[in-house]
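One letter stands for each residue in the lines below.
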Amino acid sequence: MKRNALLGAVGLLAVAATSASEAAADGGPGPLGVTTVAAATADAARVGALFDAADAGRPTGAHFCTASVVHSPHRNLLVTAAHCLGGGGDLVFVPGYRDGRAPYGTWTVARVFLPDGWAKGQDEDSDVAFATLRADGGRQIEDVVGANRLATRTATGATAVTVTGYPNSRETPVRCVNRPTAHSSTQQRIDCPDFTGGTSGSPWVNGDDQIVGVLGGHEQGGATADISYSVVLGAEAAELYEDAACDP
């Protein structure tokens, strides 16, 4: 479980890469299967930390999950894991969060969209969700940081992906590039060290800036820090996205 319940600090982020991992990844530069601190780039700003609204003013240590901006007609949509949004309560999203700072503002979650499989039975094959954000000063979140596009029904492992997330033991995001593999017909996995509690909801982004996975699913994202999971984004995710994307 990689919400805020998995304990333990992030270990060494700079680990020795084997010769097999030195090839450039299809979804981004750098060695495969190595976790590092994510640079403060425009792409990284599309990923942020989720906070309970009551904790948003705390400078550090209060974020519990990760989410990212996904393109929609109303330019106001997030994607994350369903187990990050199923608890109720008011939430805020801080894109590009670093060291207690909100360089792109703090955005209030307006409405949450959970799939039936999760809402009715917490089915691990339905562990993906969307949320709309309230506009800020007439601007939508996508106008400020941009967005990646959702890609459903893609072949698992067709390309390497970049996973970016916020461990709850750190105040900066981490990233890892690797190629997902199939765990089952409905779940995919990726080997990336040090993705601990708080990284649930991290987007898996391919080289075309498409989100092809969201950290969650099996064991709510994984019982260990070094192996993470995602639902295979299929018909249910596509239908849920359509519902959420139509919400103004």
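Residues numbered from 1 in each chain as written. Predicted model: local features only at pLDDT ≥ 70, side-chain atom pairs only at ≥ 80, totals over all residues. Heavy atoms only, no water.

### Side note on the sheet that holds strand β11 (residues 181-182)
Move 1: In spatial order, the strands read β11-β12-β15; together these 3 strands make up an open sheet with antiparallel pairing. The open sheet is flanked by β11 and β15 (227-231), the only strands paired with a single partner.
Move 2: In terms of strand pairing, β11 meets strand β12 (residues 187-191) through 2 bridges, oriented antiparallel. The partner of Thr181 across the bridge, within β12, is Arg189. (Pairing = 2+ DSSP bridges. Helix = DSSP H or I, 4+ residues; strand = E, 2+ residues; numbered from the N terminus.)

### Focus on empty space enclosed by the protein
Move 1: In this structure the tally under the stated criterion is 1 cavity of 30 Å³ or more.
Move 2: The calculated volume of the largest cavity comes to roughly 40 Å³.
Move 3: Around the largest cavity sit Thr154, Thr156, Gln188, Val212, Val232 and Leu233, which together line it.
Move 4: Tallied by class, residues from the lining of the largest cavity come to 3 nonpolar, 3 polar and no charged. (1 Å grid on protein atoms, 1.4 Å probe; cavity = no way out; pocket = protein on both sides within 12 Å on 5 of 7 lines; lining within 4 Å. Points joined across faces, edges and corners; volume = space filled by probe spheres on them. Nonpolar A, V, L, I, M, F, W, Y, C, P; charged D, E, K, R; others polar.)

### As for the sheet that holds strand β7 (residues 129-133)
Move 1: What the 6 strands build is a closed barrel, ordered β2-β3-β4-β7-β6-β5; its pairing is antiparallel. Geometrically, the sheet is characterised by an average inter-axis angle of 40 degrees between neighbouring strands, direction not taken into account.
Move 2: Relative to β7, strand β4 (residues 77-80) runs antiparallel, the two being bridged by 4 bridges. Across the sheet, Leu77 pairs through a bridge with Thr132, a residue of β7.
Move 3: Seen against the sheet, helix α4 (residues 235-245) touches β3 (65-70), β4, β6 (107-113) and β7 and runs at an angle of roughly 10 degrees to β7. (Axes fitted to C-alpha atoms, helices over the stretch in contact; angles between N-to-C directions. Contact = heavy atoms within 4.5 Å.)

### Points about a negative patch on the surface
Move 1: A cluster of acidic residues, Asp116, Asp123, Glu124, Glu219, Glu236, Glu239, Glu242 and Asp243, forms a negative patch at the surface.
Move 2: At 4 residues, α4 tops the list of elements feeding residues into the negative patch.
Move 3: Here Glu124 lies in the loop between α2 (116-121) and β7.
Move 4: On the accessibility criterion, Glu124 (32% relative accessible area) is partly exposed. (Patch = residues over 30% accessible without salt bridge, like charges linked within 9 Å, V, L, I, M, F, W, Y side chains within 5 Å. Areas by Shrake-Rupley, 256 points an atom, 1.4 Å probe, with all protein chains shown as cover. Salt bridge = Lys/Arg side-chain N within 4 Å of Asp/Glu carboxyl O. Lys, Arg positive; Asp, Glu negative; His and termini not counted. Charge placed at Lys NZ, Arg CZ, Asp CG, Glu CD. Buried < 20%, exposed > 50% of the residue type's maximum accessible area, 1.4 Å probe, protein only.)

### Things to note about the environment of Tyr97
Move 1: Counting through the fold element by element, Tyr97 comes out in the loop between β5 (91-95) and β6.
Move 2: Of the residues examined, Tyr97 reaches a relative accessible area of 2% and is grouped as buried.

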